[in-house]
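Close look at the chain arrangement
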Amino acid sequence: MTDAALTPAQAAKARVRAEAEARLKRRYRAEARFRWYGRAAIFLALAFLVVLLGRIGLQGYSTFTDYRISLPVQVDAARVDVSDLAGSNFNLMVAESALAVLGETDDDYGEASSRMMALLSSDLGFQVLDRLREDPSLVGQTITVQGPMKANASLYYKGQMSRDTELGGRLLDDRQLDWLDELRDQGLVRGGFNWTFLSRSDSTEPEQAGVLGAVVGSAMMLLVTALLAAPIGVLAATYLEEFAPKNRWTDLIEVNINNLAAVPSIIYGLLGLAVFINVLAVPRSSPLLGGLVLALMSLPTIIIATRSALKAVPPSIREAALAVGASRTQTVFHHVLPLALPGIMTGTILSLAHALGETAPLLMIGMVSFVPGVPETLTSAATVLPVQIFIWENASERAFHERTAAAIIVLLVFMVIMNLAAVLLRRRFERRW
């Protein structure tokens, strides 16, 4: 049978069927394209993530390798005043002892000693000073000290400085590189894990710089943020969602809370500068001040997350509690809040993790200063990991740049731990209806 033999009704049905099949094919093609776009988007996001993490890892992994020297130092009694030990040049004695181990002698101008001091950390000289303060009878004897090599010497050992580079392109000359090779061949220099990076605070010398002070400062600041933002945010959200009357004022409050969640973080830094420093005289660059500013920044996010968690609790829970005689307050605090706890905890932890990575508001309140120690109280001068990363990245010495990437790795570890805690807590307390 041909198309010419079809009746008008059959021809109409055939056209409708053909159009339906064409639409179905177009829909299948559109769905296939959408799946392809989704896979491409995921692949692109993963590619960017791999490039980012790979770049940070390649730049920062070498920080966790440290080269330390074990050196016998001859303390010259003629050059040490026991009554004024700090006035002696122990760094020069350490350099001369290193030259003696290598069979080298200094010249009249001290050029060889100066070159050797450029390879050895000043921490060795401070170790000699501390040993003599503990036991002045060691003056005139030989003291064995262990400490890090200078940053440039470590870069050479790590393969980041080559002899093939022209002399103007590297900071160490051929004679210094020969000394480094000989010190390693004699077994005086050995590599290992860089515990200094994790056990010390900031320093003007890269080989002695660490993240301990920044980690402690971040923990103290985050503690203040959590103690202020979490209870205030949860209680405010509970009141707005469960008790507040629905009128124009609560609508205005809700709109402003949503707007505050989108305010740039640097605005909160300006608020902290104007209110907490200029009016309330909170100590500048302290964990207390940073915690107050970040608490203000975290409050809107915690309120929004808590309200969403409360809305997710089925109304039947409230109705059942009220039906058996529970008051409204008992219903909320004994039944609704416990069921909303997983969402509340997840939102709170993610908000605190976001606050941990903030830099702009902390720069506005003066937490960009050099802090060589570990903060002891909430009002002590402190720095935090994001600001420490900012300071090191702006440093001129090359060795600080690899420490920047290593500090980013430490910060990312904290972020991953907090996000993992949010997921585990949500699964632990989550209930299904």
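Residues numbered from 1 in each chain as written. Predicted model: local features only at pLDDT ≥ 70, side-chain atom pairs only at ≥ 80, totals over all residues. Heavy atoms only, no water.

**Topic: a nonpolar patch on the surface**
- Taken together, the side chains of Ile42, Leu46, Leu49, Leu52, Leu53 and Leu412 present a nonpolar region at the surface, about 530 Å² in accessible area.
- If one sorts the elements of the nonpolar patch by residue count, helix 1 (residues 8-60) sits on top with five residues.
- Note that Leu46 resides in helix 1. (Patch = residues over 30% accessible without salt bridge, like charges linked within 9 Å, V, L, I, M, F, W, Y side chains within 5 Å. Areas by Shrake-Rupley, 256 points an atom, 1.4 Å probe, with all protein chains shown as cover. Salt bridge = Lys/Arg side-chain N within 4 Å of Asp/Glu carboxyl O. Helix = DSSP H or I, 4+ residues; strand = E, 2+ residues; numbered from the N terminus.)

**Focus: the packing of helix 8 (residues 212-243) against helix 11 (residues 287-311)**
- For the pair helix 8 and helix 11, the least separation of the axes is 6 Å and the interaxial angle reads 35 degrees. Pair helix 8 / helix 11 crosses with right-handed handedness.
- Its residues placed into classes, the contact of helix 8 with helix 11 shows 20 nonpolar, eight polar and four charged. (Axes fitted to C-alpha atoms, helices over the stretch in contact; angles between N-to-C directions. Left-handed = near helix turned anticlockwise from the far one by under 90°. Nonpolar A, V, L, I, M, F, W, Y, C, P; charged D, E, K, R; others polar.)

**Focus: empty space enclosed by the protein**
- According to the stated counting rule, one finds one cavity of 30 Å³ or more in the structure shown.
- A volume near 50 Å³ is recorded for the largest cavity.
- If you go around the largest cavity, the residues you meet are Thr63, Thr65, Asp66, Ala151, Ser154, Lys158, Asn194, Glu207, Ala399, Glu402 and Arg403.
- At the level of secondary structure, the elements contributing two or more residues to the lining of the largest cavity comprise strand 1 (65-74), helix 5 (151-157) and helix 16 (398-429).
- Counting residues per element, the lining of the largest cavity draws most heavily on helix 16, at three residues.
- A per-class count over the lining of the largest cavity returns two nonpolar, four polar and five charged. (1 Å grid on protein atoms, 1.4 Å probe; cavity = no way out; pocket = protein on both sides within 12 Å on 5 of 7 lines; lining within 4 Å. Points joined across faces, edges and corners; volume = space filled by probe spheres on them.)

**Considering the environment of Trp392**
- Note on placement: Trp392 falls in helix 15 (residues 385-393).
- Looking at Trp392, the relative accessible area reads 1%, which means it is buried.
- Trp392 sits 11 residues away from Arg403 along the chain, and the two C-alpha atoms are 7.2 Å apart.
- Residue contacts for Trp392: discarding those within four places in its chain leaves Phe197, Asp202, Ala209, Gly210, Val211, Phe400, His401, Arg403, Thr404 and Ala407. (Buried < 20%, exposed > 50% of the residue type's maximum accessible area, 1.4 Å probe, protein only. Contact = heavy atoms within 4.5 Å.)

**Structural notes on the pattern of salt bridges**
- For the coordinates displayed, the defined rule picks out 16 salt bridges.
- Here Asp181 and Arg163 are joined by a salt bridge, their closest N and O atoms 2.7 Å apart. Separated by 18 residues along the polypeptide, Asp181 in helix 6 (residues 174-185) and Arg163 in the loop between helix 5 and helix 6 bring together distant segments of the chain.
- Judged by relative accessible area, Asp181 falls into the buried class, the value being 19%.

**As for the sheet that holds strand 3 (residues 189-193)**
- What the three strands build is an open sheet, ordered 2-1-3; its pairing is antiparallel. In the strand order of this sheet, the two ends are held by strand 2 (142-148) and strand 3, each with one partner. Ignoring strand direction, the axes of neighbouring strands in this sheet form an average angle of 25 degrees.
- Two elements, strand 1 and strand 2, share seven bridges in a ladder whose sense is antiparallel. Bridge pairing links Gln74 to Thr142 in strand 2. (Pairing = 2+ DSSP bridges.)

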